[in-house]
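Here is how the chains run, residue by residue.
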Amino acid sequence: NNLPRPPLQTDDIGATALFLTGQVFWNQDRMYEASFAFDTAAETYASGKRAGDALWQAVRAYQVLAARERRPFYEKRARDRMRALATRYPSHPHAYDAQLNEGDLLEGASQWPEAIALYRKITAGTPGYEESQFRIGRCFYAQARAAAAAGKPDDATPLYKQAEEQLRSAESELVASIEKTLDAQIRQQFNGFLFQVYHQYVQLLLETKRTGEVQALTAKVEDRFAQDPARIAAFWPFRIQALQADGKLDEAVSLFEEILRKQKDAPGVANAAGILARGLDQAGADELTRDPVSKLGDDYWTKAAHYYVLSIQPQLDDPSKLRVPELESVALRLYAYGLHFNHVPDLAGTFVDWSEKPAKPEMWDKAAEIYAKLLELAPKYEFEVSLARTLGFLQRWTDAERRYASLFDTQNLVTPPDNKFNAAVVKAKGQLVWAYLEWAVCEHRLALEDKQTDRFTRAQTLIERVLANTQIGEKLWWQAKYHELRAMMDRGEYDKADVKLRDVKRSTSATFDENKYGYQ
């Protein structure tokens, strides 16, 4: 304690005090105050020992605010602070981070030439160089894709070539750097960049129709990352895409089945299954368009259904992986397959028009499971309708009726006391009108099964409401009128049904709907 102490510089004290103040605000998630404290430390006490650290923290705080607020000011401020860090404190450990982060912002704004110019300033032998080489290739690739999407192939072709040359160069740089270093952490980082190079390169090959080269690149990835099953699995979808693009769909199926036998639970299986399912789906559609009773088309769709289910199973097992649009899309395809394989006529868009027991219920069963999962995690009235309708096709009348009853408890379609359909609800949610008749049909079928008079009454009440809110001659009117007559006959009210039938002839045609909707 008696030893003399060196005098503390004012800038050191000020920069350190404000840096610590900023850290306190950061830990409290008070980003406005944190950014101000860090910025003030760097500007007011620029020569202080913690000024560079404060400037880096200011960059991070402004990036957080930019992401939250979506205001140009914070994005611009973050970029200004990053430039200041790289300029004022070039030896700071995060100086290269500043350049890479600024590059991220430029890429995000589709300013790829500017990002390339920035990355080229990072020289060999400095931190961030290897990553910058990959990023340059990524920028050329993004430019090429943008030009191709804009219908400018003459601009896209040289950009794809530059992207390929840069990715090859980045690969060489990274392989050499990996071999030179003994630091396990750095090797791991460089291997990560190398994998991104291969990942970008294989996409380039697919987009430029060089599918024949994909298998060789995949073999290189499998050799380089032999001890990393997750990275190998990530390339399976590209192998399958390449085979499909070359018209080798059967070979793609064989390859995938081989993959399944080896590593059924690998992380890339679901993604690969989805790609293969979509290819089989399209092949089946093409074949069945050519020949509606094609066995090959049916085989394609049967396999597609199997792979679609495989592709979304991880989402059904783990809600944290849920991707609603993908699940909804698969459920819709399985529902459509159910219509096809159970030979539901094209005119019958719902079980209201079809009363046969399904011979192949499996695809509808899976669709119902998916819709139920969607309702648990992303409630929407459309999912409720789709689930109830699928249950109706499965003739699970009790389950379907409960779903419809629950739906209309919350949707307020009918306005008392005149029982008119709410025009605003009909306009916003048109499916509800059709679902209302489906509810009535469920009640009717349960009345037949349970021999319950009150269910017949309930079904007729619902049908009458539909008739009162539709125009004579519309499809929905014909559907409702048919089921009204059917319910009367099933109750033994033959005379009433006969009178109603004659009224229909008088108000429409002697041949009813003239088979426009299948009701003649």
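Nothing here was measured: the structure is a model prediction, and the numbers come from that model.

Quick notes on the rules
- Residues numbered from 1 in each chain as written.
- Predicted model: local features only at pLDDT ≥ 70, side-chain atom pairs only at ≥ 80, totals over all residues.
- Heavy atoms only, no water.
- Axes fitted to C-alpha atoms, helices over the stretch in contact; angles between N-to-C directions.
- Helix = DSSP H or I, 4+ residues; strand = E, 2+ residues; numbered from the N terminus.
- Parallel < 35°, antiparallel > 145°, perpendicular 65-115°, else oblique.
- Left-handed = near helix turned anticlockwise from the far one by under 90°.
- Buried < 20%, exposed > 50% of the residue type's maximum accessible area, 1.4 Å probe, protein only.
- Phe/Tyr/Trp six-rings, centres within 6.5 Å; stacked < 30°, edge-to-face > 60°.
- Lys NZ or Arg CZ within 6 Å of the ring centre and 35° of its normal.
- Core = buried A, V, L, I, M, F, W, Y, C linked by side-chain atoms within 4.5 Å.
- Contact = heavy atoms within 4.5 Å.
- Salt bridge = Lys/Arg side-chain N within 4 Å of Asp/Glu carboxyl O.

Chemist: Which parts of the structure should I look at to understand the packing of helix H7 (residues 129-149) against helix H8 (residues 153-180)?
Modeler: A pair of packed helices is captured by two measures, namely the crossing angle of their axes and the spacing between those axes. Here H7 crosses H8 at 160°, and the two axes come no closer than 8 Å. What the angle tells us is that H7 and H8 run roughly antiparallel. H7 and H8 meet at a crossing whose hand is left-handed.

Chemist: Whenever I open this one, unusual backbone geometry confuses me. Can you help?
Modeler: For residues besides glycine, phi is generally negative; the peptide bonds are generally trans as well. Between Pro-416 and the following residue, Pro-417, the backbone shows a cis peptide bond with an omega angle of 0°. In this fold, Pro-417 is placed in the loop between strand E1 (414-415) and strand E2 (420-421). Of note, Arg-70 is a non-glycine position whose phi angle comes to about 55°, a positive value. You can see Arg-70 is positioned in the loop between helix H3 (51-69) and helix H4 (72-88). Judged by its relative accessible area of 70%, Arg-70 falls in the exposed class.

Chemist: Mind showing me how you'd approach the packing of aromatic side chains here?
Modeler: For any two aromatic rings, the description comes down to two numbers: the centre-to-centre distance and the angle of the planes. One pass over the full model with this rule turns up 22 aromatic pairs. Summarising the aromatic geometry, the rings of Phe-19 and Phe-38 are spaced 5.8 Å apart at their centres and angled 50° between planes, so their arrangement reads as tilted. Separated by 19 residues along the polypeptide, Phe-19 in helix H1 (residues 10-27) and Phe-38 in helix H2 (residues 31-44) bring together distant segments of the chain. Neither Phe-19 nor Phe-38 differs from the other in exposure class; each is buried. A ring pair is formed by Phe-195 and Phe-235, whose centres lie 5.7 Å apart and whose planes are at 70°; its orientation type is edge-to-face. Pair noted here: Phe-195 is in helix H9 (residues 184-207) and Phe-235 is in the loop between helix H11 (229-234) and helix H12 (236-245), with a separation of 40 residues, a long-range link. With respect to burial, Phe-195 and Phe-235 carry one shared label: buried. Connected via pairs of aromatic rings, a cluster forms that spans Tyr-335, Phe-351, Trp-354, Trp-364, Phe-393 and Trp-397. Here the guanidinium or amino end of Arg-50 rests over the ring plane of Phe-19, the centre of that ring lying 4.1 Å away. Looking at Lys-429, its charged tip hangs above the ring of Tyr-381, at a distance of 5.3 Å from the centre.

Chemist: Just checking my understanding: could you explain the nonpolar core for this structure?
Modeler: In terms of nonpolar packing, the biggest core is built from 90 residues, with Phe-256, Leu-276, Tyr-307, Tyr-337, Ile-370, Tyr-404 and Phe-408 touching the most fellow members. In contact with Tyr-307, not counting residues within four places along its chain, are Val-253, Phe-256, Glu-257, Ala-273, Gly-274, Leu-276, Ala-277 and Leu-280. Judged by nonpolar contacts, the second largest core, of 43 residues, contains Tyr-119, Leu-159, Ala-170 and Val-175.

Chemist: What is the right way to read the pattern of salt bridges from this model?
Modeler: Pairing is possible between side chains of opposite charge, provided their charged atoms come close. Within this structure, the stated rule accounts for 36 salt bridges. Across the salt bridge formed by Arg-50 and Asp-53, the nearest N and O atoms sit 3.0 Å from each other. A relative accessible area of 28% means that Arg-50 is categorised as partly exposed. The partner of Glu-107 in a salt bridge is Arg-138, and the shortest N-O contact between them spans 2.9 Å. Of the two residues, Glu-107 sits in helix H5 (residues 95-108) while Arg-138 sits in helix H7, which places them 31 residues apart along the sequence. Under the relative-accessibility criterion, Glu-107 is labelled buried at 15%.

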